[in-house]
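Architecture at a glance
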Amino acid sequence: MHGYQLLEVFHDRQQLGSVWKLSASQLYSVLKRLERSGAISGREQPSEIGPPRTAYTLTDVGRAQMLAWLHEPAPLPSIRRVRVECLSRLYVAQRLGLPTAPIIARQRAACQREYERLQQMQDAPADRMDALTGRLVQEQLKAALAWLDHCEAVLAFHR
């Protein structure tokens, strides 16, 4: 795909548009960084409606990095990471025809561990603000765990 086609994927709510907010300049910056690192390669292609465009393809290095990211054994349990990275992993796995259940299981395990860690902290005497903050994060994690259950059910139903 060339940059504009990729940008459409990030703007289309049926794809990644509801997950990522990405400007053209951000996308092209990421593409340049990925190309410098060897994860993608760009090849100029003529265009009938304007200047030549660069079409990008995943290299073997990039494919290995993507698969390692998809199969991250210990995803981070922060709500932002769940909302952005977990959803992105599920999207990519579906596009590649890979099972999503292991991604959900690893994310669930990470969230559950963090929930339990925070629960232990709530049981110990703590500063009032720490306790309030911890409780907020616990409630967010509880919602994330319920959402992961929902993802599992929806994605299993649509196989």
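Residues numbered from 1 in each chain as written. Predicted model: local features only at pLDDT ≥ 70, side-chain atom pairs only at ≥ 80, totals over all residues. Heavy atoms only, no water.

**Examining the pattern of salt bridges**
- Overall, the coordinates contain eight salt bridges when judged by the stated rule.
- With a closest N to O distance of 3.1 Å, D149 and R108 form a salt bridge. Of this pair, D149 sits in helix 6 (residues 128-157) while R108 is found in helix 5 (residues 101-123), placing the two residues 41 residues apart along the sequence.
- Since its relative accessible area comes to 41%, D149 is described here as partly exposed.
- Between E114 and R117 there is a salt bridge; the shortest N-O distance is 2.7 Å. With a gap of three residues between them, E114 and R117 both fall in helix 5, about one helical turn apart.
- According to the relative accessible area criterion, R117 is partly exposed, its value standing at 40%. (Salt bridge = Lys/Arg side-chain N within 4 Å of Asp/Glu carboxyl O. Helix = DSSP H or I, 4+ residues; strand = E, 2+ residues; numbered from the N terminus. Buried < 20%, exposed > 50% of the residue type's maximum accessible area, 1.4 Å probe, protein only.)

**What about a positive patch on the surface?**
- On the surface, R13, K21, R80 and R83 cluster together to form a positively charged patch.
- Within the secondary structure, R83 is located in helix 4 (residues 79-96).
- Given the relative accessible area of 42%, R83 is considered partly exposed. (Patch = residues over 30% accessible without salt bridge, like charges linked within 9 Å, V, L, I, M, F, W, Y side chains within 5 Å. Areas by Shrake-Rupley, 256 points an atom, 1.4 Å probe, with all protein chains shown as cover. Lys, Arg positive; Asp, Glu negative; His and termini not counted. Charge placed at Lys NZ, Arg CZ, Asp CG, Glu CD.)

**Let's talk about the confidence of the model for the protein**
- Looking at the protein as a whole, its pLDDT mean stands at 92, while 97% of the residues score no less than 70.
- Here helix 6 is the element of the protein with the lowest mean pLDDT, 91, and helix 3 (residues 60-70) is the one with the highest, 97. (pLDDT = per-residue confidence, 0-100.)

**Comments concerning the environment of P73**
- In this fold, P73 is placed in the loop between helix 3 and helix 4.
- Considering only alpha carbons, one finds P73 and M121, 48 residues apart in sequence, at a separation of 25 Å.

**Structural notes on the packing of helix 4 against helix 6**
- Contact geometry of helix 4 with helix 6 gives a least axis separation of 11 Å together with a crossing angle of 10°. Considering the angle they form, helix 4 stands roughly parallel to helix 6. When helix 4 is examined against helix 6, the residues I79, V82, C86, L87, L90 and Q94 are found in contact with a partner set consisting of Q140, L141, A144, W147, L148, C151 and L155.
- When its residues are assigned to classes, the contact of helix 4 with helix 6 shows 11 nonpolar, two polar and no charged. (Axes fitted to C-alpha atoms, helices over the stretch in contact; angles between N-to-C directions. Parallel < 35°, antiparallel > 145°, perpendicular 65-115°, else oblique. Contact = heavy atoms within 4.5 Å. Nonpolar A, V, L, I, M, F, W, Y, C, P; charged D, E, K, R; others polar.)

**Notes on the nonpolar core**
- L16, L27, L31, L90, I104 and C111 are the most contacted members of the largest nonpolar core, which has 31 residues in total.
- Element by element, the count of residues in this core is highest for helix 4, at seven residues.
- Here C111 is in contact with P77, V82, L141, A144, L145 and L148, once residues within four sequence places are set aside. (Core = buried A, V, L, I, M, F, W, Y, C linked by side-chain atoms within 4.5 Å.)

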